[in-house]
Amino acid sequence: MAYEPRVASALAGLCRHPVVQAPMAGGASGPALAAAVSEAGALGFLAAGYKTPAAMYEEIKQLRARTAAPFGVNLFMPQPPAADPAAVEVYAEQLAGESAWYETPLGDWDQGCDDAYEAKLAILLDDPVPVVSFTFGCPSPEAVAALRAAGTVTVVTVTSAAEAQAAQEAGADLVCAQGVEAGGHQGTHRDDPHADGTGAGLGLLSLLTQVRDAVDLPVIAAGGLMRGEQIAAVLAAGACAAQLGTAFLACPESGAHALHKQALTDPMFAGTELTRAFSGRPARGLVNRFIREHGPYAPAAYPQVHYLTAGLRKAAAAAGDPQAMNLWAGQGHRLARPLPAAELLRALLGELEAARGKLSEMRGSKS
């Protein structure tokens, strides 16, 4: 009989396998990918970040039409106004050459910072979904209580033990510990530019241990996970499940741009780094020309820089130029496999089974 890993009670009834598909804002994790993952027995996620409330609800309806399996929706928490608007203006001047090259104007950066959070939350309370997760902060105890009353499980992304404690105090059901290896934005609750640098952020295993020591909540582990052996490692370290983003990015159901998918394993992109170049907040992406030229000068101003560069990124993609696209990717990007989501999940579970089998053999040989 084939080994089938079981999920912890925290996720019981939501998925058969201890794998969560990370919500990747910007179009990668839409209804097609989330449905494929949930149908295969893991937990698929929609990313509501950057979408209007109406667009979020439309994707929820599309996902429900594709599958009856449980799924999650991720919300961005409201952000404070730009600390230094003048710094954004200076950065805009530095990007004037990019604007001319791609023949597209820079975006209007003076927009709202709340990502329509309250309106999206109202929709999710009125028409509940199985799981709601939060990034860039911690929801209020009142919001968590309202979601629980609606039958929704809540997850808060954390990058430190202190953030995990705040999530526990707010009443969250689980936390997602995001190591510095993760692709895309670091989900810190407070963006501190003084923490930038090579020492910024904790690696996943260190973070996972600290979070488990700090709170009693079940912990989902995220950051650089691409193989079943890595899933086995974080489960052995106490996680209730593993969250994978970059691993699902290359799937045909992913809405990521074809150039983004190709870049994951393209030798031209040697590695990743955390950068503020595209959004004003630290995010891990494949190092390209735009990051090299503009990353050192990008201000700590999210989401203002995101709006400023949105047109440039879109124009670069339309021109077939990955050198000015935000190619978000975790540190394990070279291990990406362009498999259908269900097939990828089968491969991951097979690797997880093999890794656990080896561990059992090792334990047996010592007894």
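Residues numbered from 1 in each chain as written. Predicted model: local features only at pLDDT ≥ 70, side-chain atom pairs only at ≥ 80, totals over all residues. Heavy atoms only, no water.

Caption draft 1: Expanded view of the packing of aromatic side chains. Here the structure, examined in full by the defined rule, presents six aromatic pairs. Ring geometry for Phe76 against Phe136: centres 4.8 Å apart, planes inclined by 45°, an arrangement best described as tilted. In this pair, Phe76 is assigned in strand β3 (residues 71–76) and Phe136 in the loop between β4 (131–135) and α6 (141–149), connecting sequence segments 60 residues apart. The exposure class of Phe136 is buried, given its relative accessible area of 2%. Consider the rings of Phe278 and Trp328, whose centres lie 5.8 Å apart with planes at 85°: the pair is edge-to-face. With Phe278 in the loop between β10 (272–275) and β11 (283–286) and Trp328 in the loop between α13 (304–318) and α14 (341–366), this residue pair connects regions lying 50 residues apart in the sequence. For the pair Phe278 and Trp328, one class covers both residues: buried. (Phe/Tyr/Trp six-rings, centres within 6.5 Å; stacked < 30°, edge-to-face > 60°. Helix = DSSP H or I, 4+ residues; strand = E, 2+ residues; numbered from the N terminus. Buried < 20%, exposed > 50% of the residue type's maximum accessible area, 1.4 Å probe, protein only.)

Caption draft 2: Spatial organisation of helix α9 (residues 228–236). When α9 is considered as a whole, its buried residues turn out to be Gly228, Ile231, Ala232, Val234 and Leu235. Following α9 by one or two positions, Gly238 adopts a phi angle in the positive range, close to 110°.

Caption draft 3: Region of interest: α6. Along α6, the positions that sit buried rather than exposed are Ala143, Val144 and Leu147. Down the axis, α6 shows its buried residues gathered within 100° of arc, on one side only. Looking at α6, the residues exposed on the side facing more than 90 degrees away from the buried face are Glu142 and Ala149. Gly151 sits one or two residues past α6 and shows a positive phi near 90°. (Arc of directions from axis to C-beta.)

Remember, this is a structural readout, not a statement about activity or role.
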